[in-house]
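Fold and geometry: a report
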Amino acid sequence: MQDIVSQVVQSDCFVLATPIYTWYCPAEMKAVLDRFYGMNKYYGQGRGSLWKGKKCAIIATHGYDSNYGAEPFEIGIKRLCEHSHLNYIGMYSVRDEENKASFQTEKAINGAKKFARVLLGK
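Described in the following lines is the structure provided in the data block. Remember, it's a predicted structure, so these values are computed and weren't measured experimentally. (Residues numbered from 1 in each chain as written. Predicted model: local features only at pLDDT ≥ 70, side-chain atom pairs only at ≥ 80, totals over all residues. Heavy atoms only, no water.)

Regarding its fold elements, the protein chain presents 4 helices and 3 strands. For the protein chain, the N- to C-terminal ordering of α and β elements is α-β-α-β-α-β-α. The C-alpha radius of gyration of the protein chain comes to 15 Å, within 12% of the 14 Å expected for a compact globule of 122 residues. On the principal axes, the C-alpha backbone points of the protein chain span a range of 50 × 35 × 25 Å. Considering only residue pairs separated by 6 or more positions, the protein chain has 71% of its internal contacts joining residues 24 or more positions apart. As displayed, the protein chain has an accessible area near 8000 Å², and 52% of this comes from carbon and sulfur atoms. (Helix = DSSP H or I, 4+ residues; strand = E, 2+ residues; numbered from the N terminus. Rg over C-alpha atoms; globule rule 2.2 N^0.38 Å. Contact = heavy atoms within 4.5 Å. Areas by Shrake-Rupley, 256 points an atom, 1.4 Å probe, with all protein chains shown as cover.)

Put into structure tokens, the structure is as follows:
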């Protein structure tokens, strides 16, 4: 975990890539988010943030349309960003349906490329 923390501290942007299960991320992603909360120094006498000003974005798959299926997770991440003084860039998500490879359709690929340009500031 220490190596990942160092990489986040040195980065300009990090992207949370996750499937959405029952309107939120799986337990493994939630555990990472809970542990990364420690990068904030807002408890006890501590003040400051190790990741203040970093850009944060989401890439996700979900079973329902984006607003219904992924919005609760996005709201949680927006709140994390607000509290942690991160810059929320946005979310790119694709509905996973009918056993299709969600991110392998032409529409999904073009959407991912467009979102990547947003992340790169282009």
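The subject of this paragraph is helix H2 (residues 27-36). For H2, the full list of buried residues reads Met29, Leu33 and Phe36. Mapping the buried residues of H2 onto a view down its axis gives an arc of 65 degrees, with all of them on the same face. Relative to its buried face, H2 has exposed residues pointing more than 90 degrees away, namely Ala27, Glu28 and Arg35. (Buried < 20%, exposed > 50% of the residue type's maximum accessible area, 1.4 Å probe, protein only. Arc of directions from axis to C-beta.)

As a rule of thumb, nonpolar side chains are buried together in soluble globular proteins. Counting 21 residues, the largest nonpolar core has Phe14, Leu16, Leu33, Trp51, Phe73 and Ile77 as the members making the most contacts within it. When contributions to this core are tallied by element, the ones reaching two or more residues are helix H1 (2-10), strand E1 (13-19), H2, strand E2 (55-62) and helix H3 (66-84). Considering each element in turn, this core owes the most residues, 5 residues, to H3. When sequence neighbours within four positions are dropped, the list of residues in contact with Phe73 reads Thr18, Ile20, Trp23, Tyr24, Cys25, Leu33 and Ile58. (Core = buried A, V, L, I, M, F, W, Y, C linked by side-chain atoms within 4.5 Å.)

On to H3. Along H3, the sharpest kink reaches roughly 35 degrees, centred on Pro72. Those residues of H3 not exposed but buried are Gly69, Ala70, Phe73, Glu74, Ile77, Leu80, Cys81 and Ser84. Against the buried residues of H3 lie E1, H2, E2 and strand E3 (87-95). Positive phi shows up at His85, right after H3, with a value of about 60 degrees. (Bend = angle between axes of the 7 residues up to and from the residue.)

What follows is about the sheet that holds E2. One open sheet accounts for 3 strands, arranged E1-E2-E3; its pairing is parallel. Every other strand in the sheet has two partners, leaving E1 and E3 as the edge strands with one partner each. Looking at each pair of strands side by side, their axes are set apart by 15 degrees on average, direction ignored. Note that E2 and E3 share 8 bridges and pair parallel. (Pairing = 2+ DSSP bridges. Axes fitted to C-alpha atoms, helices over the stretch in contact; angles between N-to-C directions.)

Relative to the assigned elements, Asn67 resides in helix H3. Between the alpha carbons of Asn67 and Ser93 there is a distance of 10.0 Å; along the sequence they are 26 residues apart.

A separate point is the pairing of E2. Within E2, 6 of the 8 residues are buried, leaving the element largely enclosed by the surrounding structure. In the sheet, E1 pairs with E2 via 7 bridges, with the strands oriented parallel. Its bridge partner lying in E2, Cys13 is registered against Lys55. Considered for its hand, the β-α-β crossover made up of E2, H3 and E3 is right-handed. (Right-handed = clockwise from strand over helix to strand, strands pointing away.)

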